[in-house]
Amino acid sequence: MAGAATLPSESESSVVDAGAEGSTTTDAILESTSRTVRSTVEWLARGIDGTFGDKPFSEGGKVSDGRIGLSLLTREDRSASTNVRFNARLRLPNLERYHYLFIGNDDRRAIVTDQPGEISQQELIRQNTRADDSFFAGVGVWLEESIDLRLGFRGGLKPYAQARYRRPWQLGPSDLIEVRETIFLTVADRFGSTTALSYEHGFSSDVALRWLNAATVTQKSRKVNWASTLGLYQSFGNERVLGLEALMNGVGGAEVPVADYGVQVKWDQPVYKRALYGEVVVGHFWPRPTQASPREGVWALGGVITLRF
């Protein structure tokens, strides 16, 4: 009969039920993991907040924008490495006079020098060394829209301070320049600074070009550590992005001015219901640690899974 609905056969029903059961199991696992991570961060937030006053955490306390990521990186000239990173935004009742509190786990040098996230992540796959990760936490206050001050502690309760300046300039409908300057102070480095400059151009709503440069210098080393990335990105909707990037880095005044350069292809997309995200990176690099070393090409492969909570 035309237009009549038909029921699935017994085998079809089994497939549907199995798929639904698998989906339910995945939902339960992700929800349980998210709750566990969130409750752990809330426990930590309560402890930090309690040291600044007696106001209960339940009176306005909140954890938001939480992310935890697991990365696996391998490169032909070095052994594979894994890293776990997380960060979250905390609203603490006893710290409301401060504008924000930051908390997370990241490479301890990136924490202090305040390198752009893209430079820090790409440094991992370029050098593929096990990051010297460290827990960090601190408080910050905005002096004005573009300037903030931060006082934090990283692994081993080592203190550091930062003064940060951020200023974007919209040059036109399709062009954006952003300047970032961070002055930091630690016991080991004394004073140091990181300067970052980025330029973005949108060719269309789906295609964009970005050039990012960053340089760090400290009172202790006096040498400039720099990195540059030029990338072309294509969006395919639903937060799926394909990127092609050219990368290079080095140290000013070193024996080899450009220690490493290469290209990489990167794909980002949601993996499951916009709670779990995945990233895959394939790259080819030409390192040269010393003047006597030949610059030979090596392949690199990386993957990152990120859970939002």
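In what follows, the structure referred to is the one given above.
Small disclaimer: the values here were computed from a predicted structure and weren't measured.

1. Some points on the overall build of the protein chain
Step number 1: When helices and strands are counted, the protein chain shows 3 helices and 14 strands.
Step number 2: In the protein chain, buried positions account for 36% of the 309 residues.
Step number 3: Looking at the protein chain alone, contacts between residues at least 24 apart form 51% of all its contacts between residues at least 6 apart.
Step number 4: Per element, the accessible surface of the protein chain, about 17,600 Å² overall, is 59% carbon and sulfur.

2. Quick notes on the packing of aromatic side chains
Step number 1: As enumerated under the stated definition, the model contains 3 aromatic pairs in all.
Step number 2: Relative to tryptophan 267, the ring of phenylalanine 236 has its centre 5.7 Å away and its plane inclined at 50°; by these criteria the two rings are tilted. Highlighted residues: phenylalanine 236 in the loop between β10 (225-235) and β11 (241-251) and tryptophan 267 in strand β12 (residues 260-272), separated in sequence by 31 residues.
Step number 3: A residue is classified by how much of its surface remains accessible, and phenylalanine 236, at 42% relative accessible area, is partly exposed.
Step number 4: Here tryptophan 267 falls in the partly exposed class, since its relative accessible area comes to 27%.
Step number 5: When the ring centre of phenylalanine 102 is taken as reference, the NZ or CZ atom of arginine 150 above it lies at 4.0 Å.
Step number 6: One Lys or Arg, arginine 308, reaches over the ring of tyrosine 277 and ends 3.9 Å from the middle of that ring.

3. Regarding the pattern of salt bridges
Step number 1: Across all of its chains, the model carries 10 salt bridges by this definition.
Step number 2: Note that aspartate 106 is salt-bridged to arginine 85, the shortest N-O span being 2.6 Å. With a gap of 21 residues between them, aspartate 106 in strand β3 (residues 100-107) and arginine 85 in strand β2 (residues 78-91) connect regions that are remote in the sequence.
Step number 3: Since its relative accessible area comes to 22%, aspartate 106 is described here as partly exposed.
Step number 4: For arginine 85, a relative accessible area of 16% gives the class buried.
Step number 5: The partner of aspartate 189 in a salt bridge is arginine 109, and the shortest N-O contact between them spans 2.6 Å. Note that aspartate 189 is positioned in the loop between β7 (175-186) and β8 (190-202) and arginine 109 in helix α2 (residues 108-113), a separation of 80 residues in sequence.
Step number 6: Residue class for arginine 109 comes out partly exposed when judged on its relative accessible area of 36%.

4. Concerning the nonpolar core
Step number 1: With 15 residues, the main nonpolar core has Val41, Ala88, Leu90, Leu92, Leu101 and Ile103 as its most contacted residues.
Step number 2: Those elements giving two or more residues to this core turn out to be α1 (10-50), β2, β3 and β4 (133-144).
Step number 3: Among the elements that take part in this core, α1 stands out by supplying 4 residues, more than any other.
Step number 4: If sequence neighbours within four positions are ignored, valine 41 has contacts with Val63, Ala88, Leu90 and Phe309.

5. Comments concerning the environment of glutamate 296
Step number 1: As for its placement among the helices and strands, glutamate 296 is situated in the loop between β13 (276-287) and β14 (298-308).
Step number 2: Residue class for glutamate 296 comes out exposed when judged on its relative accessible area of 53%.
Step number 3: The spacing of glutamate 296 and aspartate 77 is 219 residues in sequence and 9.8 Å in space, taken between C-alpha atoms.
Step number 4: Not counting the four nearest positions on each side in its chain, glutamate 296 is found in contact with Phe285, Trp286 and Pro287.

6. Some words on the pairing of β13
Step number 1: Among the 12 residues of β13, 9 are classified as buried, and the element is accordingly described as predominantly covered.
Step number 2: In this sheet, β13 lies alongside β12 in antiparallel orientation, the contact comprising 12 bridges. In the sheet register, valine 263 faces β13, and the bridge partner there is histidine 284.
Step number 3: The antiparallel pairing of β12 with β13 creates a hairpin that spans 3 residues between the two strands, and lysine 273 there sits at a positive phi of about 50°.
Step number 4: Across 10 bridges, β13 lies against β14 in antiparallel orientation. Within β14, the residue paired with histidine 284 across the bridge is tryptophan 299.

7. Points about a nonpolar patch on the surface
Step number 1: Where nonpolar side chains cluster on the molecular surface, the patch consists of Phe203, Leu232, Phe236, Leu242, Leu244 and Val265 and spans about 530 Å² of accessible area.
Step number 2: Along the chain, leucine 232 turns up in strand β10.

Rules used throughout
- Residues numbered from 1 in each chain as written.
- Predicted model: local features only at pLDDT ≥ 70, side-chain atom pairs only at ≥ 80, totals over all residues.
- Heavy atoms only, no water.
- Helix = DSSP H or I, 4+ residues; strand = E, 2+ residues; numbered from the N terminus.
- Buried < 20%, exposed > 50% of the residue type's maximum accessible area, 1.4 Å probe, protein only.
- Contact = heavy atoms within 4.5 Å.
- Areas by Shrake-Rupley, 256 points an atom, 1.4 Å probe, with all protein chains shown as cover.
- Phe/Tyr/Trp six-rings, centres within 6.5 Å; stacked < 30°, edge-to-face > 60°.
- Lys NZ or Arg CZ within 6 Å of the ring centre and 35° of its normal.
- Salt bridge = Lys/Arg side-chain N within 4 Å of Asp/Glu carboxyl O.
- Core = buried A, V, L, I, M, F, W, Y, C linked by side-chain atoms within 4.5 Å.
- Pairing = 2+ DSSP bridges.
- Patch = residues over 30% accessible without salt bridge, like charges linked within 9 Å, V, L, I, M, F, W, Y side chains within 5 Å.

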